[in-house]
Amino acid sequence: DVGQTQGKTITKERINPYVLSTQGKTIVKSGDGTTTTLDSQQKKNIETEDKIRTLANSSATIFWSDGSVTRLGEKTNISVLELKNGVNDSTQVDFSISEGKSWSNLGRTMDPDSYFKQRYGNNEKVAAVRGTIFEINLSEPIENFESLNNEQRLLWLKQVYGIDEITDTVYLENMTI
């Protein structure tokens, strides 16, 4: 991508997408099963099928190949569903957030084959409009916790608090948040 600014030619080079741990620790689980823990200010290239998780009191920033940026708050989980660089300037980004908070600043593009999709709500909802900034916050407390059945409570606890060790739902009967 080449542009003119005050008589100078500016070339926008495509980068390999990567995640930068900006505070605390960020865990990247690659599609091949390899897990990498990033400390603050460490970065790692990302690919399709990677899963990225920020821990408590942590944050990270993803730099996508088209110049778009996504910031992840603490205790955020995302999965990269699709990440492609096509011919010319086309870029396809598709990822889902299952918990936590993200803020995205999407770059503009004129390429009709480009897209940026951020899914949430069991991947049924999609948010993205090129050239905009938006936030998705899934870290707010759930309303009507008492109305959920034990399986729903268990799933919510696992997603929000990262508690994978819970297997017995009997004690959830009288639990409130």
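That block above? That's the structure.
Quick notes on the rules
- Residues numbered from 1 in each chain as written.
- Predicted model: local features only at pLDDT ≥ 70, side-chain atom pairs only at ≥ 80, totals over all residues.
- Heavy atoms only, no water.
- Buried < 20%, exposed > 50% of the residue type's maximum accessible area, 1.4 Å probe, protein only.
- Helix = DSSP H or I, 4+ residues; strand = E, 2+ residues; numbered from the N terminus.
- Pairing = 2+ DSSP bridges.

Peer 1: I'm lost on the pairing of strand β11 (residues 91–99) in this one. Help?
Peer 2: A regular strand places its side chains on the two faces of the sheet in alternate fashion. Of all nine residues that make up β11, eight are buried, and the element is covered over most of its length. Bridge count for strand β10 (residues 77–85) against β11 is eight bridges, and the pairing is antiparallel. In the sheet register, Val80 faces β11, and the bridge partner there is Phe95. With five bridges joining them, β11 and strand β13 (residues 115–120) adopt parallel strand pairing. By the bridge assignment for β13, Val93 is matched with Phe116.

Peer 1: Would you mind showing me how to read unusual backbone geometry here?
Peer 2: Excluding glycine, residues mostly carry a negative phi; peptide bonds, for their part, are mostly trans. Despite not being glycine, Gln41 shows a phi value in the positive range, around 75°. Looking at the secondary structure, you find Gln41 in the loop between β5 (35–38) and β6 (43–45). For Lys75, which is not glycine, the phi dihedral falls at a positive 50°. For Lys75, the position within the fold is in the loop between β9 (69–72) and β10. Exposure remark for Lys75: the relative accessible area of 30% places this residue in the partly exposed category.

Interpretation in functional terms is not warranted from these geometric data alone.
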